[in-house]
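# Observations on the model geometry
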Amino acid sequence: METASVEYHFIDRFFGNRNIFTSAFSRSIDLFMATILDLINSSYDCIAMMIIAQITHEQQEIMARRRLECLDLFFEKVSVMVWTRFRKILEMNVNSVRAFARDAPKLRDASPHYVTRRFSDFSSALLWLYQEERKIFGENGVSVETSSVLVQMEVLRAELETLLQTLSSKSWPQDKKMMAIFMINNLHLVLSVYHDKGVTIESYVLSVQEQKKKFVNFFVEDQLQTHFGSLVDFVKKVEPKVIESTFEENRKQIDESKLESLVMEFQRSWASGIEKINSNVRKFFPDLNNGTEILQQVLVLLVSYYNTRLQEIIKRCYKTAPFAKHIVPVDNMMEEIKKYSQAFS
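Here goes a summary of the coordinates provided.

Here is what the cut-offs are and how they apply
- Residues numbered from 1 in each chain as written.
- Predicted model: local features only at pLDDT ≥ 70, side-chain atom pairs only at ≥ 80, totals over all residues.
- Heavy atoms only, no water.
- Helix = DSSP H or I, 4+ residues; strand = E, 2+ residues; numbered from the N terminus.
- Buried < 20%, exposed > 50% of the residue type's maximum accessible area, 1.4 Å probe, protein only.
- Contact = heavy atoms within 4.5 Å.
- Areas by Shrake-Rupley, 256 points an atom, 1.4 Å probe, with all protein chains shown as cover.
- Salt bridge = Lys/Arg side-chain N within 4 Å of Asp/Glu carboxyl O.
- Polar contact = N/O pair within 3.5 Å; in protein donor to acceptor, adjacent residues only side chain to side chain.
- Axes fitted to C-alpha atoms, helices over the stretch in contact; angles between N-to-C directions.
- Parallel < 35°, antiparallel > 145°, perpendicular 65-115°, else oblique.
- Left-handed = near helix turned anticlockwise from the far one by under 90°.
- Nonpolar A, V, L, I, M, F, W, Y, C, P; charged D, E, K, R; others polar.
- Expected span 1.5 Å × (residues − 1).
- Phe/Tyr/Trp six-rings, centres within 6.5 Å; stacked < 30°, edge-to-face > 60°.

### Here's the deal with the overall build of the chain
- The helix and strand tally for the chain stands at 13 helices and zero strands.
- Along the chain, helices and strands appear, N-terminal first, in the series α-α-α-α-α-α-α-α-α-α-α-α-α.
- Taken across its 345 residues, the chain has 43% of its residues classed as buried.
- By sequence separation, contacts in the chain at least 24 residues apart represent 80% of the contacts at least 6 residues apart.
- Approximately 19,000 Å² of the chain is accessible, and the part contributed by carbon and sulfur atoms is 52%.

Listed below in structure tokens is the structure:
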């Protein structure tokens, strides 16, 4: 590029005819084109293709600032070749994920799959390159081809999620909890790699976070239903029936003996229930950050069911509940929850 710039100025000043540049440099440009074409056609590296495309784009911008058009056609041809190969290689990756999904084997555990690790490293590199071009040239200066990378990566991500769902349904066809655990571990790995690599594209990262959130919510509800099912069922059933009215009228809407039994049962078993939930989270989620986050969500929801929603039902039915002495103080629960949060981290 530097040689071409110098020679172009010399030819223009010495001969006064810029068209001579094309004749003088045609063989050199043809040699470069042939070399680059061989390199591109023999490559299966999407990341390398995107780097070449971005370097080409930057060189075009430099020549444009110099107001030199002598290499415009060369840069355009290189850009077309590189992006064509990029799309072809990316399509190969998409097809390989689809093919793997068709013959996916059963899994032994719910830890992150190696395909997820490969996808995370691969996609984070491309997304980071996209971010860098946007930083350099601005939102409006990013090439059309680079802008399309996000769309293409969405396709690949969708194929990965389809693969993960296929693997989980084949490995645990009757166990939705294990399916959710597998999805959480894999989606968390993707998000962790993006965080470590500095990928901050909100629209893309948010879609992965939303997917993970959906499965986390399922697991949280499952744990509460498993270990505190009577509490959850009672609150969901009675809460809509208890309205702002007299104590007597509200008590008619509930089974008082069942409520008292529930309170006493919770007093006896809440600590052991939290211990079991903690053990499950430790077992299913080896990543400490992920496990801590999920454990906190389970325990926060438990406090919401017991201390907020159940207590509100009791307040609306009794001025002073006959079983008040059996109600577990929220301070006791929070102290126990703090202990598990610290132990997990």
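### Some thoughts on the pattern of salt bridges
- Within this structure, the stated rule accounts for 10 salt bridges.
- The salt bridge partner of Glu-159 is Arg-98, with a shortest N-O separation of 2.9 Å. Pair noted here: Glu-159 is in helix α6 (residues 144-171) and Arg-98 is in helix α4 (residues 72-102), with a separation of 61 residues, a long-range link.
- Looking at Glu-159, the relative accessible area reads 17%, which means it is buried.
- Among the residues examined, Arg-98 registers a relative accessible area of 36% and is labelled partly exposed.
- Notably, a salt bridge pairs Glu-312 with Arg-316, separated by 3.1 Å at the nearest N-O pair. Here Glu-312 and its partner Arg-316 are both found in helix α12 (residues 288-317), four residues apart, which amounts to about one turn of the helix.
- Residues participating in the shared-partner salt-bridge network are Glu-154, Arg-157 and Glu-161.

### Some points on the side chain of Arg-157
- Among the secondary structure elements, Arg-157 is positioned in helix α6.
- Of the residues examined, Arg-157 reaches a relative accessible area of 10% and is grouped as buried.
- Here the side chain of Arg-157 touches Glu-161 through a polar contact of 2.5 Å, side chain to side chain.

### Section: the packing of α6 against helix α8 (residues 202-227)
- One can describe the packing of α6 onto α8 by two numbers: an axis separation of 11 Å at closest approach and a directional angle of 15 degrees. Comparing their axes, α8 and α6 come out roughly parallel. Crossing hand, α6 versus α8: right-handed. Facing α6, whose interface residues are Met-153, Glu-154, Arg-157, Glu-161 and Gln-165, α8 presents Tyr-204, Ser-207, Val-208, Gln-211 and Phe-215.
- Taken together, the residues of the contact of α6 with α8 break down into four nonpolar, three polar and three charged.

### Thoughts on helix α7 (residues 176-197)
- For α7, with 22 residues, the first-to-last C-alpha span of 32 Å sits near the 32 Å given by 1.5 Å per residue.
- For α7, the side-chain oxygen to backbone nitrogen distance between the N-cap and Lys-177 is 3.2 Å, and the N-cap itself is Asp-175.

### Concerning the packing of aromatic side chains
- In the structure shown here, the tally under the stated rule is 10 aromatic pairs.
- Pairing Phe-100 with Tyr-114 gives two aromatic rings, centres 6.2 Å apart and planes at 80 degrees, and the pair type is edge-to-face. Of this pair, Phe-100 sits in helix α4 while Tyr-114 sits in helix α5 (residues 114-137); the two residues are 14 residues apart in sequence, bridging distant segments of the chain.
- Residue class for Phe-100 comes out partly exposed when judged on its relative accessible area of 24%.
- Taking 5.8 Å as the distance between ring centres and 50 degrees as the angle between the ring planes, the aromatic pair formed by Trp-172 and Phe-182 counts as tilted. Residue Trp-172 is found in the loop between α6 and α7, and its partner Phe-182 is found in helix α7; the two are separated by 10 residues along the sequence.
- Taking the relative accessible area as the measure of exposure, Trp-172 reaches 13% and is therefore buried.

So, to be careful, I would describe these as geometric facts and stop short of saying anything about function.
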